[in-house]
There are 2 protein chains.
Amino acid sequence: MANAQHIARIIDQALGRTPADLVIRNTRFLEVISGKLFHGDIAICGDRIVGTQESYHGVKEIDGSDLTVVPGFIDTHVHCESSLVTPLEFDRCVLPRGTTTAICDPHEIANVLGSEGIQYFMRCAEQSCLDLRVQLSSCVPTTELETAGARLSAADLVALRDHPSVIGLAEFMNYPGLLAKDPQVLDKLAAFQGWHIDGHAPLVRGKNLNAYLACGICTCHETTSAEEAREKLSKGMHVLIREGTVSKDLAALAPLLDARTSNAMAFCTDDRNPLDIAEQGHLDYLIRRAIALGIAEGDAYRAATWSAARAFGLRDRGLVAPGKRADLVLLSDYRCCEVHSVVSAGRLVSPELFAQRQTIDPVGLNSVKRAIVRPRDFLMPATTGDSTIAVIGVNAGSIVTDHRRLPPQIRDGYYQADTRRDILKVCVLERHGHSGDIGRGFVQGFGLLRGALASSVGHDSHNLCVLGSQDDDMAVAVNRLIDIGGGFAIALDGQIIEELPLPVAGLMSLAPYETVHQQLAALRDAVQALGCSLPEPFLQLAFLALPVIPHLKITDQGLVDVDNFCLLNTG
Amino acid sequence: MANAQHIARIIDQALGRTPADLVIRNTRFLEVISGKLFHGDIAICGDRIVGTQESYHGVKEIDGSDLTVVPGFIDTHVHCESSLVTPLEFDRCVLPRGTTTAICDPHEIANVLGSEGIQYFMRCAEQSCLDLRVQLSSCVPTTELETAGARLSAADLVALRDHPSVIGLAEFMNYPGLLAKDPQVLDKLAAFQGWHIDGHAPLVRGKNLNAYLACGICTCHETTSAEEAREKLSKGMHVLIREGTVSKDLAALAPLLDARTSNAMAFCTDDRNPLDIAEQGHLDYLIRRAIALGIAEGDAYRAATWSAARAFGLRDRGLVAPGKRADLVLLSDYRCCEVHSVVSAGRLVSPELFAQRQTIDPVGLNSVKRAIVRPRDFLMPATTGDSTIAVIGVNAGSIVTDHRRLPPQIRDGYYQADTRRDILKVCVLERHGHSGDIGRGFVQGFGLLRGALASSVGHDSHNLCVLGSQDDDMAVAVNRLIDIGGGFAIALDGQIIEELPLPVAGLMSLAPYETVHQQLAALRDAVQALGCSLPEPFLQLAFLALPVIPHLKITDQGLVDVDNFCLLNTG
């Protein structure tokens, strides 16, 4: 925070008495409230814009004559872990694309490590060049039908609340618990009255939505149709338009963005993998797409900046205006949102800037805590007389699964995978050093003909997920992950043929994002060579374990009938 | 703040499991983000809206079928003292007109009593039915060219900051001090970085405006032209459109209000006397006038509610939506903003509601601290050889005065009033128990033919102001105010012919606002009977003492040449 001496510097530089620290000269910039473009210099002192629309000189100067300057973009809801890199690599990956503020929910690492994981994110937030805001994960564990690595109570969350990166409570997924007045839910809601409480309310409508909002929850990124968005907006809820790697809502919701609603809408990525970030972009991609879909430029940029800031109470940013945080995106193409360069808190973003950050020691390097498995651990004794078994039906590009009933393949008294019908065995192994339980089932839709895939990313408890046609290969893949502390692995004929180590809590790599991008591309190619037709096989595997998404899922405790919210006896 | 048990009640009532505390049934309401009107019931639990657009039953029900419900109005900048009644009477006066939140600057009482005056407002805020927010007065005293009753440092203000009614620092009037980097100004600005700092920047433009904004000041109610407003808006400043008793900016600024700018504009009354409130209205009047000037209803109501709330970081209000504070105005006429009834924090506003407030003991009951005066204390010895003297030129309806030079009237070696030329003597007498100084001068424009007017309201130091043609009557009027602890008084032929006692710090009456309204009307009539042509003689008298308004003013230290910001030797 600025002291009196710094305020004096600000005044002198704003008045032009002394050169500003940084000046973007002779540029065009967007005033997002009116959506109008203005011309002039932009003067910056420290981390703050101190002058616009006037002529300034600077200690450093950038020629802005061919550029258009807009406020830095705000990702209103993101799980950095989904980028598979550490928060400081995420920083290095997305900030050059214009994302100057990321409001993250460290929900994945919190499920593995609890408060320690959130505190790791807070330490990273103190070093990151973008402004990383750490929301407090509200639902750890997500359900009682799985074994997570940690459990966070209202008191645990309150103990973390005073860190400057905290805005409030992260996505409140447990709306059934809210409607049922679960005492733990009420405690968390009560503890965060007056703070920002972020929502997660897919298809919640009518009086249920009223109750959800009445508890003080005010934003939602789980809106998938225009009709749903209209109801939420008309009830004062801010709609965060999500375009992630799997969940894509932009095409459905962008048509609602106009001069008025853009004040109550914003953008987010939720879960976006490094391939998509590298190949398409981050928030720049969402803005570009929204404009391509016919949204007025001013309305799209307003949503991505000022409206996002106001929705989360960040009153110091979102405008190219004196007094605001100098988070600026310099565009070579305004309409196509082509980023030329980025200024973050007054600093020109460059490799040198990232190099100045202090390293943060990773946490959770031994988070895969279980004994090695043998192929026979995956055996599933056939129950005499069952003519069908439950099979998870996977659909490409959706985390919603089908609950299918199919005739089993039985050999030697055990249920077997059957690649002719694309039925693979899928297992989830508890890996937090608690029960060591293994949930077993079958999945259809991956198209894998040989080998096995294993992952220590398994939403949201992040147990070990594995699928394949051969128990031998499944054991090899799982044991490799136990050995390297987590990641993605592909086994074939008793050998690991490709892998991506994710040693940080079994969720994040220690490698640069460029390396992870390459490794991920190699994994994708290898999985496709084994016959798999899904564009995102590891993401689809990871979401098989999330028992709050319909219809049939699997956890370490077994198959979960999500519609009836109960465990299913296999067979 | 809601505890877990209350959250459970909220959920039950929102879901319709139990009747809501209060339901406005079958009504039409404005969703101010889109500006659209919706139909349905509005359910309220405690102080919070818990349901809209659905059907509800309530313990209490209001038939809303002939009404339109809009969010409660927010007065973004008001000196309650200008209503001449206590904060709790102000509450009773304006809340029934739809003003459910008043962001006040207790600047007047702070100049008389310092922190004690601000704390009195805070105690009142704890009892008021409207939400009275108490900003911390940033410039006490206003200048060094006058003697105020108190002096507030940055440390004094910080000590008051944690009261829940505080949003931040009140109107930062001392922009010359800011531009000059006055150390005390820098201390105050530094202490409130990250808090809301309200502005006061009349005609501040260009780089000066940049410097002012760069210090974190973000709202301004002193904008008088559309061109000035456009620059402020384009620099991210929120423009608060003022329509007070003397300063009226609505006609000039309302044309700027549209779908986009209405998100960054709001309304305020600043100084509005009880006559205007009674005869025209409060914020309801501003909205009515804005719509009559051609502003779309949705844009006018948006500015008065949601935008005002967001400009000041009040995220719990400004919408008719679940989760928001149940501050609602029920209109019998939407377009004309005719208020039928008001709900404040879930309570139907009624005489009974006001009767439930705890009484707050008044402060500053003996704030007029000086010895009685004799007529000769007003004598002004003529300086040999001066062919002209400085005369304050008053213009009806403006607090800006002229600096006139006119030939003096001299008798017995003293300068004299000259009613033929409408030149009256005007004096300001220090009344806080400090120096006892008297500033003496002349004023033209009141039209008073006989008698004298005196006031203990004298912006912003609130010394005793008196004017007249006869020293005898001036002494009578002043001594009466000393005797009764402040107020307004009219003396004629050695007698008090009309008065309005203002015993609370010499600024506020202890009577009900209806009584004050009658007393003020009687004073106005009496002054007119003495020949005065000004519609607001006491307000114009009070503003003669404000040395930050051009061009010639008078304080206890003498005549002030505002343009050169220095004292003037009389003659």
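Bear in mind that the values here come from a model prediction, so they are computed numbers and not experimental data. (Residues numbered from 1 in each chain as written. Chains lettered and ligands numbered in written order. Predicted model: local features only at pLDDT ≥ 70, side-chain atom pairs only at ≥ 80, totals over all residues. Heavy atoms only, no water.)

**Q** Describe in detail the pattern of salt bridges, supporting the description with residues and values.
**A** In this structure the tally under the stated criterion is 68 salt bridges over all chains. Among the ionic pairs, A:Asp402 bridges to A:Arg404, the shortest N-O distance being 2.7 Å. Relative accessible area serves as the criterion here: at 28%, A:Asp402 is assigned to the partly exposed category. A:Arg404 gets classed as partly exposed once you look at its relative accessible area, which sits at 24%. Across the pair B:Arg302 and B:Asp299 runs a salt bridge whose closest N-O atoms are separated by 2.7 Å. Of this pair, B:Arg302 and B:Asp299 both sit in helix H13 (residues 297-311), three residues apart, which is roughly one turn of the helix. The same class applies to B:Arg302 and to B:Asp299, which are both buried. Counted as one network, the salt bridges with shared partners bring together A:Glu54, B:Arg205, B:Glu227, B:Glu231 and B:Lys235. (Salt bridge = Lys/Arg side-chain N within 4 Å of Asp/Glu carboxyl O. Buried < 20%, exposed > 50% of the residue type's maximum accessible area, 1.4 Å probe, protein only. Helix = DSSP H or I, 4+ residues; strand = E, 2+ residues; numbered from the N terminus.)

**Q** Lay out the packing of aromatic side chains with the relevant residues and their values.
**A** Residues and elements named next belong to chain A. What the rule picks out here adds up to twelve aromatic pairs over all chains. Here the aromatic rings of Phe-29 and Phe-38 are separated by 6.0 Å at their centres, their planes lie at 25°, and the arrangement is stacked. For Phe-38, a relative accessible area of 21% puts it in the partly exposed group. Put simply, the rings of Phe-73, Tyr-301 and Tyr-334 pair up and form one aromatic cluster. A cation over a ring is seen here: Arg-28 above Tyr-334, with NZ or CZ 5.4 Å from the ring centre. The ring of Phe-192 has Arg-161 sitting right over it, with the charged end atom 5.2 Å from the ring centre. (Phe/Tyr/Trp six-rings, centres within 6.5 Å; stacked < 30°, edge-to-face > 60°. Lys NZ or Arg CZ within 6 Å of the ring centre and 35° of its normal.)

**Q** How would you summarise the sheet that holds strand S23 (residues 452-455) of chain A if you had to cite specific residues and measurements?
**A** Residue and element names in this part refer to chain A. On the basis of which strands lie adjacent, the open sheet formed by eight strands has the order S18-S17-S22-S21-S24-S23-S25-S26 and mixed pairing. A single partner strand is all that each edge strand has here, and the edge strands are strand S18 (402-406) and strand S26 (495-501). On average, each strand axis in the sheet is tilted by 25° relative to the strand beside it, whichever way the strands run. Bridging between S23 and strand S24 (residues 464-468) involves four bridges; their strand directions are antiparallel. Paired with Ser-455 across the bridge in S24 is Cys-465. Packed on one face of the sheet, helix H15 (residues 471-484) meets strand S21 (423-429), S23, S24, strand S25 (487-492) and S26 and runs near 145° to S25. Strands in contact with helix H16 (residues 513-529) are S23, S25 and S26; relative to S26, the strand with the most contacts, it is inclined by about 145°. (Pairing = 2+ DSSP bridges. Axes fitted to C-alpha atoms, helices over the stretch in contact; angles between N-to-C directions. Contact = heavy atoms within 4.5 Å.)

**Q** Which residues make up helix H9 (residues 226-234) of chain A, and what values go with them?
**A** Residues and elements named next belong to chain A. The element H9 is extensively covered by neighbouring structure, given that seven of its nine residues are classed as buried. Inspection of H9 places Ala-226, Glu-228, Ala-229, Glu-231, Lys-232, Leu-233 and Ser-234 among the buried residues, and these make up the whole buried set. At the C-terminal side of H9, Gly-236 shows a positive phi close to 80°.

**Q** Explain the state of the cysteines residue by residue, including any values.
**A** One pass over the structure, following the stated rule, counts zero disulfides over all chains. No disulfide involves A:Cys427; its sulfur sits 10.0 Å from the nearest other cysteine sulfur, which is in A:Cys465. B:Cys104 supplies the cysteine sulfur nearest to B:Cys80, a cysteine that is in no disulfide, at a spacing of 4.4 Å. (Disulfide = S-S within 2.5 Å.)

**Q** Kindly report on the interface of chain B and chain A, identifying the contributing residues and their values.
**A** Counting from both sides, the interface comprises 67 residues of chain B and, opposite them, 67 residues of chain A. Overall, the association of chain B and chain A removes approximately 5300 Å² of surface from exposure, summing both partners, and the carbon and sulfur fraction of that is 58%. It is B:Lys207, B:Arg260 and B:Arg310 that lose the most area in chain B upon contact with chain A, and together they represent 13% of the buried surface on that side. Remark: the boundary between chain B and chain A carries six salt bridges. Between the two partners, chain B and chain A, sit 22 residue pairs in polar contact (both at pLDDT 80 or more). For the side of chain B that touches chain A, the secondary-structure elements that each account for two or more residues are helix H1 (4-15), strand S3 (48-54), helix H6 (175-179), helix H7 (183-191), helix H8 (206-214), helix H9 (226-234) and H13 of chain B. When residues of the side of chain B that touches chain A are assigned to their parent elements, the largest contribution, eight residues, is made by H1(B). A per-class count over the side of chain B that touches chain A returns 33 nonpolar, 20 polar and 14 charged. (Buried area = accessible area lost by both parts, 1.4 Å probe. Polar contact = N/O pair within 3.5 Å; in protein donor to acceptor, adjacent residues only side chain to side chain. Nonpolar A, V, L, I, M, F, W, Y, C, P; charged D, E, K, R; others polar.)

**Q** I'd love a proper account of the relation of the copies chain B and chain A, names of residues and values included.
**A** Relative to chain A, chain B is turned by 180° and slid 0.0 Å along the rotation axis, the superposed coordinates differing by an RMSD of 0.1 Å. Taken together, the rotation angle and the small translation identify this as a two-fold axis. Of all interface residues in chain B, 100% are interface residues in chain A too; the two copies therefore contact each other through one and the same surface. (Least-squares fit on C-alpha atoms with pLDDT ≥ 70 in both.)

**Q** Talk me through helix H8 (residues 206-214) of chain A; I want residue IDs and the actual numbers.
**A** All names here are of chain A. Judged by how many residues are buried, H8 sits mostly within the fold: seven of nine residues are covered. Within the span of H8, buried status applies to Gly-206, Leu-209, Asn-210, Ala-211, Tyr-212, Leu-213 and Ala-214. At the C-terminal side of H8, Gly-216 shows a positive phi close to 100°.

**Q** A description of the sheet that holds strand S18 (residues 402-406) of chain B should follow, citing residues and the corresponding values.
**A** Residue and element names in this part refer to chain B. Taken in spatial order, the eight strands make up an open sheet running S18-S17-S22-S21-S24-S23-S25-S26, and their pairing is mixed. Strands at the two margins of the open sheet, each flanked by one partner only, are S18 and strand S26 (495-501). Pairwise comparison of adjacent strand axes, ignoring direction, gives a mean angle of 25° for this sheet. Along the sheet, helix H15 (residues 471-484) makes contact with strand S21 (423-429), strand S23 (452-455), strand S24 (464-468), strand S25 (487-492) and S26, crossing S25 at roughly 145°. Contacts between helix H16 (residues 513-529) and the sheet are confined to S23, S25 and S26, with S26 contributing the most and set at about 145° to the helix.

**Q** Tell me about unusual backbone geometry, and please be specific about residues and values.
**A** Of note, the bond from A:His459 into A:Asp460 is cis; its omega dihedral lies within 30 degrees of zero at -15°. With respect to the element layout, A:Asp460 can be found in the loop between S23 and S24. For the peptide bond that leads from A:Pro550 to A:His551, omega is 0°, which places it in the cis range. Its place among the elements puts A:His551 in the loop between helix H17 (537-543) and strand S27 (552-555). For A:Asn26, which is not a glycine, the phi torsion comes out positive at approximately 55°. On the secondary structure map, A:Asn26 appears in strand S1 (residues 20-31). Of the residues examined, A:Asn26 reaches a relative accessible area of 52% and is grouped as exposed. Phi angles above zero are rare outside glycine, and B:Leu84 is one such case at about 65°.

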